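# A structural walkthrough
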2 protein chains.
Amino acid sequence: MLKIRSLVTAVALLGSMSVANAWEALPTQAAEPADNPSTPEKIELGKQLYHDPRLSSTGTVACASCHNTMLGGEDNRPNSVGVGAQTGGRSAPTVWNSAFNKVQFWDGRAATLEAQAAGPVTNPIEMGMKSWDDVVARLKTINGYEVAFKEAFGENAITKENATKAIAAYERTLITPNSPYDKFVKGDKSALSAQQIRGMEKAAELGCTSCHSGAAFNGAGTFQKFPTISDGFLEAKYHFTKDKGVAEVSKKAEDEHFFKVPTLRNVALTAPYFHNGSVATLEEAVKVMAKVQLGKDLSKDETDDIVAFLNALTGEFPKQTMPTLPATSGKTVN
Amino acid sequence: MLKIRSLVTAVALLGSMSVANAWEALPTQAAEPADNPSTPEKIELGKQLYHDPRLSSTGTVACASCHNTMLGGEDNRPNSVGVGAQTGGRSAPTVWNSAFNKVQFWDGRAATLEAQAAGPVTNPIEMGMKSWDDVVARLKTINGYEVAFKEAFGENAITKENATKAIAAYERTLITPNSPYDKFVKGDKSALSAQQIRGMEKAAELGCTSCHSGAAFNGAGTFQKFPTISDGFLEAKYHFTKDKGVAEVSKKAEDEHFFKVPTLRNVALTAPYFHNGSVATLEEAVKVMAKVQLGKDLSKDETDDIVAFLNALTGEFPKQTMPTLPATSGKTVN
């Protein structure tokens, strides 16, 4: 038994390094942490909180404003716009399939969806609340939340911990299975066009999938340096190295320009591209990646084939009921 | 026959002037203009456009941002926040049941929902698009809209006229029937509490419903002067007369401080109150109205009874599917 497992591991390791990529379909369910099992009540509450602009200081910015569930899970802007029309330096990552990220944020500074959900609410340039105590105090003025938290968590349940647990439980439902790629991997050989299959093989051959690996094409939580090869022309154009990535948090020189490997799922819907949203089109993003990560100049045909393949990673978006947000009771919140 | 009709008219006129108010339930369907009959395709397209922030210059403000369909049809703010964090001087009216308004905007400057929908998109402090030509050009870059407009209107259909028709068709579905008041009027005498019935009778007796008349309590498109009785204390506190209302558009002295009579449907959900959103609570709004419109000081009991009645005007919000917005195709829109 031990021998067989070692052999399997060895083959898997070889597979991940070779052209014969281990192509995996997207799971339809995400694992739940032991301390936050999903329930319908928690998911419904999380959906309300996620779409509620009253979680921001001005009452105008919800989680969904920048991570838009009606779009590709973000806002198609280089940098999102927070309260008071402020913008940061990074591009909002998609919320779709974020349950399959091992770490959250571009610099991976949150290990869980729960930890991630706590961040933007009190970020002064995002949702701008002074503190989670203020958020909790505001939620307590909205009677419907008193009821919804009680149904999800029991008595006296309006807390930061429960709010972020509910949001995370909702986010775990935001999965987009059944892309043409998934159908192909599951055996429907007509699901991809000849060009898409060429692009898929090219992506593996070039080495794209050695980092963008696994079912979510996100390297299962790995970090990579970006760019790895300096290119004066592209740097002058896109300013990739202005942001030090993980080092902005860790303050360690060896972490400079390391970023979480982002998912390629639904990447055709999430322009513009890269941590700073500096590249407007998917074509250019593919060419840039080949150049600064792999040291390769792609031909137009190669680029087009890979872009065609990336378009096959657009999944099916589950139909969602629009949440009815608990009413502000005869009084404005801010 | 003529005699009978005259008699009916006379009785109706008497009724509208007397305490015996003609209480009407909210219709469940809104009339459609002859040149814009509703179809499922048009409504679905309108729902997408209504929720699409890409109709604003920055890609951050949708119709739904200020007229939030997940809330009481507006944003619970004194004044809404447009692109670049700009605010105007008026409070966003609710979109729910706006199909039953005879005129739109606080100053009634749009006669139809179609005409209203054209306004905010190019208002520099609201959605900030330079022109509808720019809006149309942008929509044409989004492939899914090409398809959706074709399904709703036929070939080469992306135009300002069709976009506003689709939005209006969607808005005509935003009706909240079956409030406790509606159930009461239809014969369920247990639908209102004793206090709510007292408040209902008091509202008619005081004269509230002589302006807030009809099924939507909006005077069927009438305009009224507000305030009619000047009150130095309240004016100093709430600055009601800073906004000249209809006269801001007509520039006629006789229109000064005239406003559209707003609906009272779901009024408990739409704090803060009045054209400038200056009054935070429904209690205070009721007291102010009695004072500056009817010259009456209400007791606490009278106020509480009327507020209880107004809470009975909160209807049932139809469950809506969240629209999936057509994808930005590998390129940001702004």
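Residues numbered from 1 in each chain as written. Chains lettered and ligands numbered in written order. Predicted model: local features only at pLDDT ≥ 70, side-chain atom pairs only at ≥ 80, totals over all residues. Heavy atoms only, no water.

## What about the interface of chain A and chain B?
The partner chain B presents 40 residues to the 40 residues of chain A that form the contact. Summing both sides of the interface, chain A and chain B together bury roughly 3100 Å²; the carbon and sulfur share of this comes to 63%. Linking chain A with chain B are zero salt bridges. Linking chain A with chain B are eight residue pairs in polar contact (both at pLDDT 80 or more). A per-class count over the side of chain A that touches chain B returns 19 nonpolar, 17 polar and four charged. (Contact = heavy atoms within 4.5 Å. Buried area = accessible area lost by both parts, 1.4 Å probe. Salt bridge = Lys/Arg side-chain N within 4 Å of Asp/Glu carboxyl O. Polar contact = N/O pair within 3.5 Å; in protein donor to acceptor, adjacent residues only side chain to side chain. Nonpolar A, V, L, I, M, F, W, Y, C, P; charged D, E, K, R; others polar.)

## Some details on the packing of aromatic side chains
What characterises a pair of aromatic rings is the spacing of the ring centres plus the angle enclosed by the ring planes. Residue and element names in this part refer to chain A. Counting across every chain of the model gives 30 aromatic pairs over all chains. Consider the rings of Y181 and F309, whose centres lie 5.9 Å apart with planes at 75 degrees: the pair is edge-to-face. Here Y181 is found in helix α8 (residues 180-185), whereas its partner F309 is found in helix α14 (residues 300-311), with 128 residues between them in sequence. We classify F309 as buried; its relative accessible area is 1%. Taken together through their ring pairs, the aromatic side chains of W23, Y181, F217 and F309 make up a single cluster. When the ring centre of F184 is taken as reference, the NZ or CZ atom of K189 above it lies at 4.3 Å. (Phe/Tyr/Trp six-rings, centres within 6.5 Å; stacked < 30°, edge-to-face > 60°. Helix = DSSP H or I, 4+ residues; strand = E, 2+ residues; numbered from the N terminus. Buried < 20%, exposed > 50% of the residue type's maximum accessible area, 1.4 Å probe, protein only. Lys NZ or Arg CZ within 6 Å of the ring centre and 35° of its normal.)

## Focus on helix α7 (residues 160-171) of chain B
Residue and element names in this part refer to chain B. The end-to-end C-alpha distance of α7, which contains twelve residues, comes to 16 Å, matching closely the 16 Å that a straight helix rising 1.5 Å per residue would cover. Counted residue by residue, α7 has ten buried out of twelve residues, so it is predominantly covered. Among all positions in α7, only N162, A163, T164, K165, A166, I167, A168, A169, Y170 and E171 are buried. Its buried side turned inward, α7 meets α2 (40-50), α4 (113-118), α5 (132-140) and α6 (143-153). (Expected span 1.5 Å × (residues − 1).)

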